[in-house]
Amino acid sequence: VQLQASGGGVVQAGGSLRLSCTASGNPFSIQDMGWYRQAPGKQRELVAVIGRGGLTDYADSVKGRFTIARDQAKNTAYLQMNSLKPEDTAVYCCAIRSPGQSEYNYWGQGTLVTVSS
């Protein structure tokens, strides 16, 4: 399984970006799709997750600003990021959790999001 993320870039504070992550190969079945981020000098944190049934969860720091969505037919997850802040600057990675797995077991490469003040 390969995950391809795209959509990162440079944006001014208050702006928006949309990240996409597509799973290819033989994803067979995907339980959860999630977005993580890691800023320089900080630990990786879970930003948003969407389950197979559409249930979502967000880090407190992004609630009300970010929206995760999923197209199961395309094995693609999206992260719409609005009202971006400089502290959102990080490398964003997508990941999937297969059924029966307790943790995310497939990871994509990161895409850099830079928010300038």
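Residues numbered from 1 in each chain as written. Predicted model: local features only at pLDDT ≥ 70, side-chain atom pairs only at ≥ 80, totals over all residues. Heavy atoms only, no water.

Engineer: Would you mind going over the state of the cysteines with me for this structure?
Structural biologist: When the sulfur atoms of two cysteines share a covalent bond, that bond is a disulfide. Across all of its chains, the model carries one disulfide by this definition. Disulfide pairing places Cys21 opposite Cys94 at an S-S distance of 2.0 Å. Negative torsions about the S-S bond denote left-handed disulfides, and the value of about 65 degrees found for Cys21 with Cys94 makes this one right-handed. In this pair, Cys21 sits in strand E3 (residues 17–24) while Cys94 sits in strand E9 (residues 90–97), placing the two residues 73 residues apart along the sequence. (Disulfide = S-S within 2.5 Å. Helix = DSSP H or I, 4+ residues; strand = E, 2+ residues; numbered from the N terminus.)

Engineer: Which parts of the structure should I look at to understand the sheet that holds strand E7 (residues 66–71)?
Structural biologist: Paired through backbone hydrogen bonds, the strands of a sheet run either parallel or antiparallel to each other. Within the open sheet, the four strands sit side by side as E1-E3-E8-E7. Their pairing is antiparallel. For this open sheet the edge positions go to strand E1 (2–6) and E7, each flanked by a neighbour on one side alone. Between one strand and the next, the sheet's axes are offset by a mean angle of 15 degrees, whatever the strand orientation. For E1 and E3, the ladder comprises five bridges, and the chain directions are antiparallel. By the bridge assignment for E3, Leu3 is matched with Ala23. (Pairing = 2+ DSSP bridges. Axes fitted to C-alpha atoms, helices over the stretch in contact; angles between N-to-C directions.)

Engineer: In this structure, what is going on with the pattern of salt bridges? I would like to understand it.
Structural biologist: Here the idea is simple: oppositely charged side chains can pair when their charged atoms come close. One pass over the structure, following the stated rule, counts five salt bridges. The shortest N-O distance in the salt bridge between Asp32 and Arg97 comes to 2.8 Å. Taken as a pair, Asp32 in strand E4 (residues 32–38) and Arg97 in strand E9 lie far apart in primary sequence, 65 residues in all. For the pair formed by Asp32 and Arg97, the shared burial category is buried. It is possible to trace a salt-bridge network through shared partners that takes in Arg37, Glu45, Arg65 and Asp88. (Salt bridge = Lys/Arg side-chain N within 4 Å of Asp/Glu carboxyl O. Buried < 20%, exposed > 50% of the residue type's maximum accessible area, 1.4 Å probe, protein only.)

Engineer: Which parts of the structure should I look at to understand the nonpolar core?
Structural biologist: In a soluble, globular protein the nonpolar side chains are often hidden away together inside. Core analysis: the largest hydrophobic core is formed by 29 residues, its most contacted members being Trp35, Val47, Phe66, Leu79, Met81 and Tyr92. When contributions to this core are tallied by element, the ones reaching two or more residues are E1, E3, E4, strand E5 (45–51), E7, strand E8 (76–81), E9 and strand E11 (111–116). The contacts of Tyr92, once residues within four sequence positions are left out, are Leu19, Trp35, Tyr36, Arg37, Val47, Phe66, Leu79, Met81, Gln109, Gly110, Thr111 and Val113. (Core = buried A, V, L, I, M, F, W, Y, C linked by side-chain atoms within 4.5 Å. Contact = heavy atoms within 4.5 Å.)

Engineer: Sorry, what's going on with the pairing of E11 here?
Structural biologist: Only one face of E11 is buried: it carries Thr111, Val113 and Val115, and the other face, with Leu112, Thr114 and Ser116, is open. Pairing of strand E2 (residues 9–12) with E11, which is carried by four bridges, proceeds in the parallel orientation. Residue Gln12 lies in a different strand from E11, and its bridge partner there is Ser116.

Engineer: It is not clear to me how the environment of Pro40 should be interpreted in this structure. Could you clarify?
Structural biologist: Note that Pro40 resides in the loop between E4 and E5. Given the relative accessible area of 74%, Pro40 is considered exposed. C-alpha of Pro40 to C-alpha of Thr67: the two residues are 27 residues apart in sequence and 23 Å apart in space.

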